[in-house]
Amino acid sequence: MGNQRRQLFCVNFFTLLMGWNVLASITASADVTNRSSSLSYFLFQSTENPKDCQEILSTCSNTQNASGVYKIKPAGFPEPFEVYCDNDSGSDGWTVIQRRTDGFINFNRNWNEYKNGFGFLGSEFWLGNEKIAHLTNQKKYQLRIDFTDAAGHSYHVTYDDFRIVDEWSQYSIQSLGEEGGNADPDPCPSNTIFSNSTCERRCTEPDTCINSASMESERCICPNDYMIQGENCIPQSQCGCFLQEKGSVLNDGETFVNSDCTSRVNCSDNRLSYEDDYRCSDNATCQERDGVRRCICNDRYEGDGVTCIRNEPRKDCYEIYNTGIRTDGVYTIYPTGREDSGFQVYCEMSTNGGGWTILQKRTSGSVNFYRDWNAYRDGFGSPSGDHWLGNDKIHDLTTQKTYQLQIDLIDSAGSQFHARYSTFRIGDEGNKYRLSIGSYTGNAGYDAMKYRNNEPFSTHDRDYDHWSSVNCAQKHRGAWWYGYYYSYYYYYNRCYRFSYGGYYYYCTASNLNGDYQDSDYRGIFWYNLPGNDCGIDGTKMRIRPVG
């Protein structure tokens, strides 16, 4: 299949003809080169202009069905215009809308030229999209395409209901109908189609497009619902790991669990193997999480879902890590005071020693971080994606043990940096979630949290930044621990300073909750980051017990 090439016709003569309600048998097109060179013009008198070449046959009886140039006026068109009528193509009354014979006319034209038409009716021409639109919208028309290859062989294709719409809709084809004719539209091998698509899929990699850089622009490819196996295109159902219940092919190593978690199927070496004894534990629930359906142990139980063992409540991700779990994911923890009402967090178990509890994460602009006090108090977003865990939860977490904080940053060039603080905790809501932070280490270039210590948390609707004239959370488009600082004019860094009253001021040297990818002081920034400190692309705040 991969070495197949579609053999295209080298066209010497090419004509588009359009007939009204011509649904009878049509013969092969004759060579009309000679008749176009001896062009005839016909005049007639009538109280109403014919609408197409079909009507001319009944209006102009003296034409004796001769082909030539006539004047018509389709319904709605402002004035009559000339067309070439072909009465020798197997059935009378064809209105010719395009002809190419020898390359005399340049068809590489702009929109207006194709709109109005160009060329000469006696040789090569395009009738004009505006005329064709009026023509094809007054009746039901058949389209016939005649062409002759380099060897002189003639072929034709017909479509029994052809219509294009107006310029407002970009002259798009509204209808074609059923295809007919004597030309083979697809010379590709069986189960393939001729296309310039840049995406084919293999049985062994059903969800991955083949790299388009290695493809020709046009070639025979596998159609939808077919995949490549070796050199052949075969139906998905014949691929080794096609699963009827899923309706697609499993990747090698992929697992699928049925709707009630009573069977699990694995794909290995392009073969399916079934685990019919797969059942959820009495202490587990069949559910879909992160796009994967499986048995998941209930709260306060741990295991693979088939076997679930009750454990004492874990206060943070580090305690879960110490049970032997090394898989990143969403887990339920029960901090001190929340033994009966735990909450979900994302635990990183495989990086920097494991056991990290994620407080904040940003990787895109999909979650709005310009929120009010209550939203930051309760938390928002999904633990498995971009989110703020919630100040009440962060307070309960950070006051039960001594925690260290690590802030991870990715700048707009993709470079990674981190800032680690020896201790971290925040107060409760009555204390305005006041920040307490320890000493700094890391490669972020500057301790941008240095002057945040002992500052209250501020949102745009709860302003605790000590500055009566300006609301820092509004200025920086995000909730944070802000203060009030004066900056001389020569501090030009635009990531954190703003103009007010003729001078420059700033509220903070860092803000991880601003607008995503905004390069000004309203965005995410970390002052003096070795990379690009403006418009940071990725942030993460995570904690782990000290020691």
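Only a predicted model underlies this, so the values are computations on that prediction, with no experimental measurement involved. (Residues numbered from 1 in each chain as written. Predicted model: local features only at pLDDT ≥ 70, side-chain atom pairs only at ≥ 80, totals over all residues. Heavy atoms only, no water.)

### Considerations on the overall build of the chain
Along the chain, the regular secondary structure elements total 8 helices and 40 strands. A total of 547 residues make up the chain; the buried ones form 44% of that total. For the chain, the accessible area works out to roughly 27,000 Å², and carbon and sulfur atoms hold 43% of it. (Helix = DSSP H or I, 4+ residues; strand = E, 2+ residues; numbered from the N terminus. Buried < 20%, exposed > 50% of the residue type's maximum accessible area, 1.4 Å probe, protein only. Areas by Shrake-Rupley, 256 points an atom, 1.4 Å probe, with all protein chains shown as cover.)

### Here's the deal with the state of the cysteines
In this structure the tally under the stated criterion is 8 disulfides. Here Cys297 engages in a disulfide with Cys308; their sulfurs sit 2.1 Å apart. Torsion about the S-S bond of the Cys297 and Cys308 cystine: about -90°, corresponding to left-handed handedness. Taken together, the positions of Cys297 in strand S21 (residues 292-297) and Cys308 in strand S23 (residues 308-310) put the pair 11 residues apart, joining distant regions of the chain. (Disulfide = S-S within 2.5 Å.)

### Some details on the sheet that holds strand S19 (residues 271-275)
Read across the open sheet, the 3 strands follow the order S17-S18-S19; overall the sheet is antiparallel. The open sheet is flanked by strand S17 (255-257) and S19, the only strands paired with a single partner. For this sheet the average axis-to-axis angle between neighbouring strands, irrespective of direction, equals 20°. Strand direction decides the pairing type here: strand S18 (residues 264-268) and S19, joined by 5 bridges, are antiparallel. (Pairing = 2+ DSSP bridges. Axes fitted to C-alpha atoms, helices over the stretch in contact; angles between N-to-C directions.)

### Digging into the pairing of S21
Bridging between strand S20 (residues 284-289) and S21 involves 6 bridges; their strand directions are antiparallel. Paired with Arg289 across the two strands is Val292, which belongs to S21. Joining the antiparallel neighbours S20 and S21 is a turn of 2 residues, in which Asp290 adopts a positive phi near 55°.

### Let's talk about the nonpolar core
Among the nonpolar cores identified, the biggest contains 56 residues, and Trp388, Ile407, Met449 and Trp526 are the most heavily contacted of them. Ranked by residue count, the leading element in this core is strand S30 (residues 416-426), at 5 residues. With residues up to four places along the chain from it excluded, the contact list for Ile407 reads Phe417, His418, Ala419, Tyr421, Met449, Leu512, Trp526, Lys540 and Met541. With 31 residues, the next largest nonpolar core counts Cys53, Leu135, Ile145 and Val157 among its residues. (Core = buried A, V, L, I, M, F, W, Y, C linked by side-chain atoms within 4.5 Å. Contact = heavy atoms within 4.5 Å.)

### Notes on the confidence of the model for the chain
Looking at the chain as a whole, its pLDDT mean stands at 82, while 84% of the residues score no less than 70. Low pLDDT (under 50) marks residues 19-38, which in the prediction has 46 contacts with non-local residues, meaning those over four places away or in another chain. (pLDDT = per-residue confidence, 0-100.)

### Some remarks on the pattern of salt bridges
Counted under the stated rule, the structure contains 19 salt bridges. A salt bridge links Asp146 to Arg144; its shortest N-O distance comes to 3.0 Å. For the pair shown, Asp146 and Arg144 are each scored as buried. The partner of Glu429 in a salt bridge is Arg377, with the nearest N and O atoms 3.7 Å apart. You can see Glu429 sitting in the loop between S30 and strand S31 (435-437) and its partner Arg377 sitting in helix H6 (residues 373-378), a full 52 residues away along the chain. Residue Glu429 is classed as partly exposed on the basis of its relative accessible area of 29%. Members of the salt-bridge network, linked through shared partners, are Glu348, Asp408, Lys540 and Arg542. (Salt bridge = Lys/Arg side-chain N within 4 Å of Asp/Glu carboxyl O.)

### A word on the packing of aromatic side chains
Within a pair of aromatic rings, the relevant descriptors are the distance that separates the centres and the angle that separates the planes. For the coordinates displayed, the defined rule picks out 18 aromatic pairs. Ring geometry for Phe457 versus Trp481: centroids 5.1 Å apart, planes at 75°, classification edge-to-face. Of this pair, Phe457 sits in strand S33 (residues 457-458) while Trp481 sits in strand S34 (residues 480-481), placing them 24 residues apart in sequence. Trp481 shares its class with Phe457; the two are buried. Grouped by ring-pair contacts, the aromatic residues Phe369, Trp373, Tyr376, Phe380, Trp388, Tyr433, Phe457, Tyr464, Trp480 and Trp481 constitute a single cluster. The ring of Phe380 has Arg371 sitting right over it, with the charged end atom 4.4 Å from the ring centre. (Phe/Tyr/Trp six-rings, centres within 6.5 Å; stacked < 30°, edge-to-face > 60°. Lys NZ or Arg CZ within 6 Å of the ring centre and 35° of its normal.)

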